[in-house]
Amino acid sequence: MLEKLTNWSRKRSPWVFHINASSCNGCDIEIVASLMPRYDIERFGVVLVPSPKHADVLLVTGVVNAQTVDRLRRVYEQMPEPKHVIAIGACATSGGVFKGCYNAGQGVQDVVPVDMYIPGCPPRPEAIMYGVMKLLGEVK
Amino acid sequence: MSAQPEKPPRREESAGLMEYSTESLVPFGPIHPALKEPEYFKLVLEGERIVEVIPRVGYVHRGLEKASESRPWIQNMYMFERTCGICSFVHSVCYAQAVEGLTMFQVPARARFLRTIILEMERIHSHLLWVGLMGHWAGFDTLFMWVWNDREVVLDLVEAISGNRVHKSMNTLCGVRKDMPENMEDRIIERMKYLTDRARYYRDVIDTEETMLARTEDIGRVTADTAEKLCAVGPMARYVGMRRDVRLNDPYAAYDEVPFDIVTRNEGDVHALLRLRLDELVVSANIVSYAVKHLPDGPIRIKIPPTIPAGEHSSHCEAPRGEIFYFAKSAGGRTPERVKSRQPTLANIPTALEMLKGQTLADVPIVLTAIDPCFGCMDRMSFFDIDSNKKWTWSGEQLRQYGINKYFPERAKRQLHGQKFSSAGLGFKEKF
Amino acid sequence: MSELFPQQVGRYAEQAGSKLTTTHKNENVIEVTQEKLKEFLGHLVNDLSTRHLMTITGLDLGQNIQIIYNFSHERDTVHVKTNVPKTKPVALSIIDIVPGAILYEMEVHDMLGVYFTGNPWMDRKLLLPDEWPSDLPAPLLKTSRADEIRKRLDLGVAKQ
């Protein structure tokens, strides 16, 4: 019974932590734009939290370079179960335009398990909202 | 490698970057052997005051310059565009200019004007973004929300012209790829007027609103001499009175055909930076309106062969954050021999370190945001207090909360952890 | 003041034993040896007020590594080139003339392995990750290959 209640509240009001893993900031500003009055993801109950220890969902942007791999893993480990990861942007999905660069990863799935990919360079705020909502629809 | 020179003993008071020009070199060694994590800024404190700052950049180092040597000239443009999402167009213009200088071709006049229009719109969006962020870090989230809502106005225009909000990809070598759509002139001029009015309103807000004044006046001072010696660029040079702006000093694109004047301020604190960027926004809006009215006819691009003649050329442009520099060397082939790009934030870091010295911990986020760095810089900072021998790490958000609680203790009691003001109930209406 | 800027630069270039080439796009290029470098830069910064150093560019020329100091002066740019041999990549730091050069020298040190004598931050990395193996050569050398670096840094092989 309690589990049903917490699941319901997680679906209705997911707490989200955003991490920039070597991103050009294009996806990051579209994430912040989705919190702004024009697109307003907050009406779905999404709240940006300052620490991964309070988060349900992790938003990752950027091609993960050698310096951020460790940091990303540590942030993922600090999140309490159950947790979900959304990889936002072409760089987080597969390395994007930086494929082959000597200090660029091949996508976030090499570092942490990913539940949802939102492609785009950068994806529009509407696409980000759609992706987050779709993920929550999967949460049982 | 030759033997490393002996290091002179370390001084306890703020040993600045400026000390070298006369007598001895004063090195900044690692402060404490335990600080090994790759943090972005390591701040050494004495009680509340910052004594030393150790920068660590490289979190976004992906190896673009090496990769550019194995990609065709035109592909590199779209890769270098993604160096930064906020000033992506100016990177592609600067790269294009560095490469076009190696060829004999001239960019057509219409393309130069179109480049100028998009460049200035990008400056407007970047400055609005920054003003909003300053509001957020100062604890004034309403300003953040309102400014970013106005930012959508200019992003709509950019999207109407180029098809994308962030990475416009509108440039090509020797021209632009998309032309101005029909009947856009009136819409652009009307929206530029709207943005000018809003910029003037925000200027009033930052001049009178207690929150902003308390947090930005008299913070982050640097002398003009220091800024010049440390090669500061962009608003960091202009807020201490230097008339340093590439658009004026060495015009490119259509800047020598559009009348405008740059903005400088003499106060030298973060509040001056706020005023400077908002005034620059008004100047940019005027440039766009003028350029749109005087857009020359003609082709928007010239097709050039995929091999670029051998030679070396460099180009510099004024991004919203400062001067961008590109150097291109060709060996006559389809791929470059060497491309070098220098972002403005790197040029401003030495000045930022000087700005931080002597500030209190609560002012750190404001000062660091004032130089207009990339977001990632603010994500994680580590601290070491000499007095209490304590070492700790905070995320940017935690530091922001600390600053707000320090300045506005009554609000600290009311606020839950990290939740922003909800935009519900403020009643925004879509104007356009 | 009657002399044009390129002519003034040319005069100091001759004193340093080299010639000035000016391209049609206001670029003034001078090549000097390491011994004459600081004297020439001293004249450029102090006598000609060319204080703004845009950046320091490093290039791999095969036998040598070329270091270019890119200065800007109103509508002109001045590019001062100097070479160091790859067998002994040690150069002189110019931070006593231009303190703002400190981070640019760190960048050339990271990317091409040139050691700048007199720069106090040569023991630190500016751009390369901390996990960079010490036996791996500098990335921008023509002999370094991106896929080898990726393997050493454990970043996965690029799927073609």
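Residues numbered from 1 in each chain as written. Chains lettered and ligands numbered in written order. Predicted model: local features only at pLDDT ≥ 70, side-chain atom pairs only at ≥ 80, totals over all residues.

A. Representation of the environment of Leu195(B) within the structure. Residue and element names in this part refer to chain B. Within the element layout of this structure, Leu195 appears in helix 6 (residues 185-208). Sequence-wise, Leu195 and Ile124 are 71 residues apart; in three dimensions their C-alpha atoms are separated by 8.8 Å. If we skip the residues at most four places from it in the chain, Leu195 touches Ile124, Asp150, Val153, Val154, Leu281 and Ala285. (Helix = DSSP H or I, 4+ residues; strand = E, 2+ residues; numbered from the N terminus. Contact = placed C-beta atoms within 7 Å.)

B. Focus on the nonpolar core. By size, the foremost hydrophobic cluster in this structure holds 213 residues, and its most contacted members are Leu58(A), Val60(A), Leu72(A), Ile88(A), Val90(B), Ile118(B) and Val288(B). Counting residues per element, this core draws most heavily on helix 4 (residues 109-138) of chain B, at 16 residues. A domain split of this core shows at least three residues from each of domain 1 (22-58 + 346-414) and domain 2 (88-94 + 103-303) of chain B. (Core = buried A, V, L, I, M, F, W, Y, C linked by C-beta atoms within 7 Å. Buried ≥ 20, exposed ≤ 12 C-beta atoms within 10 Å, placed from the backbone. Domains from an automatic or database assignment.)

C. Up close: the packing of helix 3 (residues 88-100) of chain B against helix 4 of chain B. Residue and element names in this part refer to chain B. Packing of helix 3 against helix 4 leaves a shortest axis separation of 9 Å and a crossing angle of 145°. In this structure, helix 3 crosses over helix 4, and the sense of that crossing is left-handed. For the pair formed by helix 3 and helix 4, the contact residues are Phe89, Val90 and Val93 on the first element and Arg115, Ile118, Leu119 and Glu122 on the second. (Axes fitted to C-alpha atoms, helices over the stretch in contact; angles between N-to-C directions. Left-handed = near helix turned anticlockwise from the far one by under 90°.)

D. Here's a closer look at helix 4 (residues 146-153) of chain C. All names here are of chain C. Listing the buried residues of helix 4 in full gives Ile149, Arg150 and Leu153. Axial view of helix 4: buried residues confined to an arc of 100°, hence all on one face. Along helix 4, exposed side chains directed more than 90 degrees from the buried face belong to Asp147 and Lys151. Following helix 4 by one or two positions, Asp154 adopts a phi angle in the positive range, close to 65°. (Arc of directions from axis to C-beta.)

E. Focus on the interface of chain B and chain A. Facing 39 residues of chain B, the contacting portion of chain A comprises 33 residues. Contributing elements (two or more residues each) for the side of chain B that touches chain A: helix 1 (64-68), helix 2 (73-81), helix 5 (141-162) and helix 14 (396-407) of chain B. Looking at which element gives the most residues to the side of chain B that touches chain A, the answer is helix 5 of chain B, with 4 residues. Of the residues assigned to the side of chain B that touches chain A, the class counts are 17 nonpolar, 16 polar and 6 charged. (Nonpolar A, V, L, I, M, F, W, Y, C, P; charged D, E, K, R; others polar.)

F. Looking closely at helix 12 (residues 344-356) of chain B. Residue and element names in this part refer to chain B. The end-to-end C-alpha distance of helix 12 is 18 Å, a good match for the 18 Å that 13 residues give at a rise of 1.5 Å each. Taking burial as the measure, the 13 residues of helix 12 include 13 buried ones, the bulk of the element. After helix 12 finishes, the residue Gly358 shows a positive phi value of roughly 90°. (Expected span 1.5 Å × (residues − 1).)

G. Layout of the sheet that holds strand 2 (residues 27-31) of chain C. Residues and elements named next belong to chain C. The strand order across the open sheet formed by 5 strands is 1-2-5-4-3, and the pairing between neighbours is mixed. The open sheet has two free edges, formed respectively by strand 1 (20-22) and strand 3 (52-60), since each of these has just one partner strand. Pairs of neighbouring strands in the sheet enclose a mean axial angle of 20°, with direction left out of account. In this sheet, strand 4 (residues 64-73) lies alongside strand 3 in antiparallel orientation, the contact comprising 8 bridges. Bridge assignment links Asp60 to a residue of strand 4, and that residue is Ile65. Set on the sheet, helix 3 (residues 102-112) makes contact with strand 3 and strand 4; between it and strand 3 the angle comes to about 10°. (Pairing = 2+ DSSP bridges.)

H. Representation of the interface of chain C and chain B within the structure. Across the contact, 34 residues belong to chain C and 38 residues belong to chain B. Those elements that place two or more of their residues in the side of chain C that touches chain B are strand 3, strand 4, helix 3 and strand 7 (115-117) of chain C. Here the element with the most residues in the side of chain C that touches chain B is strand 3 of chain C; it accounts for 6 residues. Here the residues of the side of chain C that touches chain B sort into 18 nonpolar, 9 polar and 7 charged.

I. Structural view of the packing of helix 5 of chain B against helix 6 of chain B. All names here are of chain B. Look at helix 5 against helix 6: their axes get within 10 Å of each other, and the N-to-C directions meet at 160°. As far as their axial angle goes, helix 6 and helix 5 are roughly antiparallel. Where helix 5 crosses over helix 6, the two elements pack in a sense that is left-handed. Contacts between helix 5 and helix 6 involve Leu143, Val147, Asp150, Val153, Val154 and Leu157 from the former and Ile188, Arg191, Tyr194, Leu195, Arg198, Tyr202 and Val205 from the latter. Of the residues assigned to the contact of helix 5 with helix 6, the class counts are 10 nonpolar, no polar and 3 charged. (Parallel < 35°, antiparallel > 145°, perpendicular 65-115°, else oblique.)

J. Local environment of the pairing of strand 5 (residues 76-85) of chain C. Residues and elements named next belong to chain C. The sheet contact formed by strand 2 and strand 5 spans 5 bridges and is parallel. Bridged to Ile30 within strand 5 is Val80. Judged from the 10 bridges that link them, strand 4 and strand 5 form a sheet pairing that is antiparallel. Along strand 5, the bridge assignment pairs Asn70 with His79. Here strand 4 hands over to strand 5 after 2 residues, with Glu74 in that stretch at a positive phi of 50°.

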